[in-house]
Amino acid sequence: MTTDQESSTDGPSMAVTFAAKGTDITPTKDQGIIKVVKRQGHGECPMIGDRVTIHYTGRLLTGKKFDCSRDRKESFSFNVGKRQVLKAWDIGVLSMQRGELCTLLCKPEYAYGPAGNSDKIPPNSSVLFEIELLKFNFGETLTDDGGLVRRIKVKGDSYLNPNDGAVVDVHLEGSCDGRLFDIRDVSFVVSESEDKGVPLGVDRAMEKMQKGECCILYLTPKYAYGRKGKPDFKIGPDKDIVYEVTLKGFKRAREYWQMDLQEKLSLALEIKQKGNQYYKAGHYYYAVIQYERIVSWFEMEFGKGVEQQRQIRDFLLSAHLNLALCLLRIQDFSLVVENCNKAIELDESNEKALYRRGEARLLRNEFTLALADFQHVLQVNPANRAARSQISNCQSKIKEYNELDKRIYANMFQKFAEHDTKQQDGRTRRKCDNSVRSTMNEEPGIKRRRSQDRPS
């Protein structure tokens, strides 16, 4: 039976028909959404947060069509389970496989509710949707670099999330290349998960999770065990890993805006020391998290009195300098320059800030700017041998760069000259050819004229 045939019947009859041959897919089994599969799909179903692409047709129970993506010749995409669409769509699409075609009979509370929708859908209307799941992309990306992706298997039951410093209780199941290597229940402090051997990606995902949520995390090496791997788990270097994580519970830390300045100043010393420990151990990303917390706490604080202002300045200066140092190791040179600039705003002749900015600029092949930074370092501290060595390095790089430029331009001009010569030779040959052809065309004409000039 087609959708048109189904929708031509009266509402009560259709509800009975769907209830008889369809499946109630609502979590509460209240028959709010009855699903009839018209064409089976294949593979797994989407998970919450996946980006799905569908075609759909919406009809009233009278058979009147009120919306259709096919009529517009344009498919529709959304992140399923994120309340971006009708409740019926979120529930219905999560039950579908790729390529599946189904019909959903939806009660008002799962569709347009008591208000309806303008003039198209009357209040308290049950509606019918035919939906085809064309494709879906796995998960939602939690980081700008795409290195951490989450797919939600079971949605949590709260609107609160853990924050940095929160204590979380989780169940972990980690796998690599299909091999399960880590199964455990563990508690850790968010932003300090390395202390319990929990990878960075799991730590960073916590702030997006809710109590009771179960999700699958896909971690690139940066968010897993990096270049060193994890010998304890028999994981080699630069391996992608997958973790299934269930957040069983958590206790949030106090937010910075809930603390007075004196409390922040006291805690900042502990956080700085923790960052220093991570840096010395080579856990640079964890160190960055600690120093960034200090910056977020104090960048908008002004303090009362000279002593508090001095303490705020010292913490900010130290945090920016340490961030620059960590980011040099991570090779994020743009952020190194940014943090050094902020440190120099606080202390315009800061030797470390000038030197580290010079290092970053040198590694970005900004030799002239790097040279200026290292020269400034020597003005601040003439005994800085490292800066003096870097000045020689910059001068050598600038000389190499200029010589390379000369060779490139010399070759370029030589090629231009060769090209011009070839064009000139071509023009000369064409002139010669034209002259020859002209001569050949003229000779028969002369002969004919001479013949005609003769007496008959």
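Here's what I pulled together on the structure shown here. (Residues numbered from 1 in each chain as written. Predicted model: local features only at pLDDT ≥ 70, side-chain atom pairs only at ≥ 80, totals over all residues. Heavy atoms only, no water.)

**Details of the packing of aromatic side chains**
What the rule picks out here adds up to 19 aromatic pairs. Ring geometry for Phe 181 versus Phe 233: centroids 5.1 Å apart, planes at 45 degrees, classification tilted. With Phe 181 in strand 11 (residues 179–189) and Phe 233 in the loop between strand 12 (214–219) and strand 13 (241–251), the pair connects residues that are 52 residues apart, well separated along the chain. Take Phe 181 and Phe 233: they sit in the same class, and that class is buried. Grouping aromatic residues by their ring pairs yields a cluster made of Tyr 56, Phe 66, Phe 76, Phe 78, Trp 89, Tyr 112 and Phe 129. One residue, Arg 151, lies across the ring of Phe 138, its end atom 3.8 Å from the ring centre. (Phe/Tyr/Trp six-rings, centres within 6.5 Å; stacked < 30°, edge-to-face > 60°. Helix = DSSP H or I, 4+ residues; strand = E, 2+ residues; numbered from the N terminus. Buried < 20%, exposed > 50% of the residue type's maximum accessible area, 1.4 Å probe, protein only. Lys NZ or Arg CZ within 6 Å of the ring centre and 35° of its normal.)

**Some words on the state of the cysteines**
A disulfide bridge is the covalent bond that connects two cysteines by way of their sulfur atoms. If you walk through the whole model with that rule in mind, you get zero disulfides. Free of any disulfide, Cys 214 has its nearest cysteine sulfur in Cys 215, 6.7 Å distant. Of the residues examined, Cys 214 reaches a relative accessible area of 10% and is grouped as buried. (Disulfide = S-S within 2.5 Å.)

**Some thoughts on the nonpolar core**
Of all hydrophobic cores here, the largest spans 60 residues; its most connected members are Val 170, Phe 188, Val 202, Met 206, Ile 241, Val 245 and Phe 298. Not counting residues up to four positions away in its chain, the partners in contact with Ile 241 are Ser 175, Cys 176, Phe 181, Pro 199, Leu 217, Tyr 218, Leu 219, Ala 224, Tyr 225 and Ile 235. Grouped together as the second largest cluster of nonpolar side chains are 27 residues, Leu 60, Ile 91, Phe 129 and Leu 133 included. (Core = buried A, V, L, I, M, F, W, Y, C linked by side-chain atoms within 4.5 Å. Contact = heavy atoms within 4.5 Å.)

**A short note on the pairing of strand 3 (residues 51–60)**
Counting buried positions over the 10 residues of strand 3 gives nine, a clear majority of the element. In the sheet, strand 3 pairs with strand 5 (residues 76–79) via four bridges, with the strands oriented antiparallel. Opposite Arg 51, over in strand 5, you have Asn 79 as the bridge partner. Pairing of strand 3 with strand 7 (residues 127–137) involves 10 bridges; the strand directions are antiparallel. (Pairing = 2+ DSSP bridges.)

Everything listed here is a matter of geometry and, on its own, says nothing about what the molecule does.
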